[in-house]
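Given next are the chains, with one letter for each unit.
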Amino acid sequence: MFKYYKYFLLLCTLLNAGEAFSQEKLRLYGKVTSSEGEIIDFATVRLEGVNAKAKAVNAKTNGVSFSTLSGSEGRYAIDVPKGEYTITVKALGYESFTQKISINALNTGDTAAILRINPANSYDVILTPHIEQLGEVLVVSTALSRVQESAYNAVALDAKALHNSAVDLAGALAKAPGVKLRESGGLGSDMHFSLDGFSGRHIKFFIDGVPLEGAGNSFGINNIPINFAERIEVYRGVVPVGFGADALGGVVNIVTGERRRSFVDASYSFGSFNTHKSYLNMRHTTDAGLYVEVNAFQNYSDNSYHVFTPVKNLDNGQIDEAVIERVRRFNDTYHNETLILKVGIVGRPFADKISLALNLSQSEKELQNGVRQEIVFGRKRNDASSVMPSFEYRKRNLIVKNLSLALTANYNRNHTHNLDTATSLFNWRGESRYNNGKLGEQSYQDGRFQNNNYNSTVNAGYNLGETHGFAFNHVLTVADRRSTGDSENQSASSLMSKLSRKNISGLSYTLRYERLANFSVFLKRYNQYSSGPRNQATGGSYDYVLFSESAGATGYGAAATGFFLHDFQAKLSYEKAFRLPTTDELFGDEDLELGAMELKPERSDNVNLSLSYSRVFGLHSVYLQAGVLRRDTKDYIRRVTNRYTGGLFYASHENHGRVLTTGLNAELHYDYSRLFSFGGSLSSQNIRDAEPLAVGSSSQPSTTCGVRVPNIPYFFLNADGSAHFTDLFVKGAVLTATYGLIYVKDFPLYWENHGSAATKLRVPDQLSHDLTIVYSFPGGRYNLSLECRNFTDSRLYDNFSLQKPGRAFYGKLRFFFGK
């Protein structure tokens, strides 16, 4: 595979080759910074000359390109003939800068003399942060993001564009190509995230490059507000070494931003089903670089929406599936609260950043039903709390120039309490019946568990000039779970201690070819030790023994990208990847998810190929992208739902031989002068069982080989369009109206070739329509939004039989004060 990369880079270089002008060339150079003193890297610097010849020369590209990107120190350099130009500088999150300049020949002679840096041709640019007033998600193009400029198949979502809306972090992620979120209900419900067919724990989440794994139920993407993030980076398939992740499907990195400023950002939203959300972020930074920051948010909802379902007759215990009633959810209240305190120093000679943080969070959730809607609970609930101190240190140019170091460490102690002690059974009408002295609606629970999670990361990098780059990463993750409740009323597996320890190391080398192309090759080492209960019995019975196991593997890969014809970018990447089982897969959640200590690490050969086009011409902006992927996965870990003794449903995980995934995705975004914009993405994925033999057999052929893996969406799309009206009611104000839709094609719950087509259970087609209106007063200080989600009141299901909310209305008030 690696031998093809040199041809890939050569092709990109040849496509960029053009006629070089023999005129005398001078170097314009400078530095791009923000009005707050921050270095801005990967800003686009474009020169447009007054004559055709001048526009076509750039010594670094030796082609038709007349633009460049600022480097890691915010510096840029571009070689052009003398003459008059218009310089335009753009960067994500900042207002564009445009200025006419004149570049004059001050030196003559050989090339060395011509290219000598001369203060007369030095031009520094200062950009002003852009206060977002629009309502749509902006998919960042290559020229605006270091994520897209890299060789990895990735996109970046501008979360600031949604800060005035009532959408949450998960809702913003749903706009990314290849992403599907599967919710089991309303606010705070269980959520499964999938990317290109890989779901749940195949995807790893990070906040500012720090793993989110082990944070607990009280702090996750389904309850973090969108205002918490500045942008969201989504890496698909092949993952950079810097994350140190064992992720087959990809990585989501939530970037909170670190601006040297003082501000207050506060918002409150309210809506249907008695839903209330509030957010407060305050930061003050002194001239000496000392900063203090407070981040606080809460979510509350009764989740009292209507569902359509058969209702159990409590007298005879029967359910008439032919009779469907409209009933209201009555045991589904959810709330969570989070407080994050930070103190630190930025911009000092000994450190770019040193910070200490304390994250406190808690949540409480009533459980209306289990993994099927037919199972109804009237008193069952769980709650969780978390305390997480953390430390962070970052320094560029450590000791020597171009040497960087980043260290992070955190400890997270979270407690969970699962409570199921009711003496009655309930149905969907809210009726109850005494359960003949039996405690617990599902099974008696009053279990308390303490999870201790430790995480530390080391990232070191060294750049040899602008051509060669080296990086090293190591991540240590330890998870320890212990029961702290009453031992008399807990199962044998709950009382056993559980331990998982992961060590993941990575080393990479990157070759950059004059910003036209770059190539990366990397090596990763995975190690895991786990200890916990393992069920030796079969047929729905239980016999747990303490079991321990170690696993190790070595992965490798490469990624390359190249720019050609100025506006096109191609990316190709491959990785021999491994994923180690998570603590929830190994040990369960002590409630509706059963553990599976026998799970083996997943192995996969991942290939990505994509082509994108980005162009700004006049008042028009266009971004197009199309990609294909292939995943050949062995020991694939899939989530299954099984019925056990007593007719109860539980979810668990199992290895499934070999699975072959192919897929394609495409996206389009168009913007006209910030007056009108539209865009969308679609994803098609073909996930097939490729294991020729039946599970547990050495000779019997599998009846599902070549069949689509069930219970996974395989075609879905989203689209949105926005219109922006300026100076409406008040000069400088902006009103944005946005329409969005999401469509998911129906998919089977079980194997397609098993059973009769007439009785086959399927998750139906979904088509959801949303409307949003955002009004921002001049300067973006005061903002108001109104939203209607699912305005056609469609019956929506991400999971079989688990209905999501119908039509809902939300409003949001946001205030922003800052420098």
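As a reminder, the structure under discussion sits directly above these lines.
Residues numbered from 1 in each chain as written. Predicted model: local features only at pLDDT ≥ 70, side-chain atom pairs only at ≥ 80, totals over all residues. Heavy atoms only, no water.

Engineer: Can you break down the environment of N274 residue by residue, with the values?
Structural biologist: Mapped onto the fold, N274 is located in the loop between β16 (263-271) and β17 (275-285). Overall, N274 belongs to the partly exposed group, its relative accessible area being 36%. Expressed as a C-alpha distance, the spacing of N274 and Y305, which sit 31 residues apart in the sequence, is 10.0 Å. In this structure, N274 is in contact with Y300, S301 and D302, ignoring residues within four places of it in sequence. At a separation of 3.1 Å, a polar atom in the side chain of N274 contacts the side chain of D302. (Helix = DSSP H or I, 4+ residues; strand = E, 2+ residues; numbered from the N terminus. Buried < 20%, exposed > 50% of the residue type's maximum accessible area, 1.4 Å probe, protein only. Contact = heavy atoms within 4.5 Å. Polar contact = N/O pair within 3.5 Å; in protein donor to acceptor, adjacent residues only side chain to side chain.)

Engineer: Which residues make up a nonpolar patch on the surface, and what values go with them?
Structural biologist: Judged by side-chain polarity, Y268, F270, F729, V730, I773, F777, Y782, L784, L786, L813, F815 and F817 come together as a nonpolar surface patch covering roughly 1100 Å² of accessible area. Going through the elements one at a time, β16, β44 (782-789) and β47 (808-818) are the ones with two or more residues in the nonpolar patch. Its location among the elements puts V730 in the loop between β39 (715-726) and β40 (734-744). (Patch = residues over 30% accessible without salt bridge, like charges linked within 9 Å, V, L, I, M, F, W, Y side chains within 5 Å. Areas by Shrake-Rupley, 256 points an atom, 1.4 Å probe, with all protein chains shown as cover. Salt bridge = Lys/Arg side-chain N within 4 Å of Asp/Glu carboxyl O.)

Engineer: Give a detailed account of the sheet that holds strand β15 (residues 250-255), specifying residues and quantitative values.
Structural biologist: Taking strand neighbours across the sheet as the criterion, the 5 strands line up as β8-β14-β15-β12-β13 in an open arrangement whose pairing is mixed. Of all the strands in the sheet, just β8 (154-158) and β13 (210-211) have a single pairing partner and so form its edges. Looking at chain direction, strand β12 (residues 203-207) and β13 are connected through 2 bridges and run antiparallel. Across the sheet, F206 pairs through a bridge with P211, a residue of β13. (Pairing = 2+ DSSP bridges.)

Engineer: I'd like a rundown of the packing of aromatic side chains, residues and numbers included.
Structural biologist: Under the counting rule described, the total for this entry stands at 23 aromatic pairs. Consider the rings of F470 and Y509, whose centres lie 5.3 Å apart with planes at 45°: the pair is tilted. Of the two residues, F470 sits in strand β30 (residues 468-483) while Y509 sits in strand β31 (residues 498-513), which places them 39 residues apart along the sequence. Take F470: its relative accessible area is 40%, and that puts it in the partly exposed class. Relative to Y613, the ring of F568 has its centre 4.8 Å away and its plane inclined at 45°; by these criteria the two rings are tilted. Placement of the pair is F568 in strand β34 (residues 568-579) and Y613 in strand β35 (residues 602-617), with a sequence separation of 45 residues. Looking at F568, the relative accessible area reads 27%, which means it is partly exposed. Put simply, the rings of F729, Y775, F777, Y782, F815 and F817 touch in pairs and so form one group of aromatic residues. Its guanidinium or amino end placed over the ring of F377, K380 lies 5.6 Å from that ring's centre, counting from NZ or CZ. (Phe/Tyr/Trp six-rings, centres within 6.5 Å; stacked < 30°, edge-to-face > 60°. Lys NZ or Arg CZ within 6 Å of the ring centre and 35° of its normal.)

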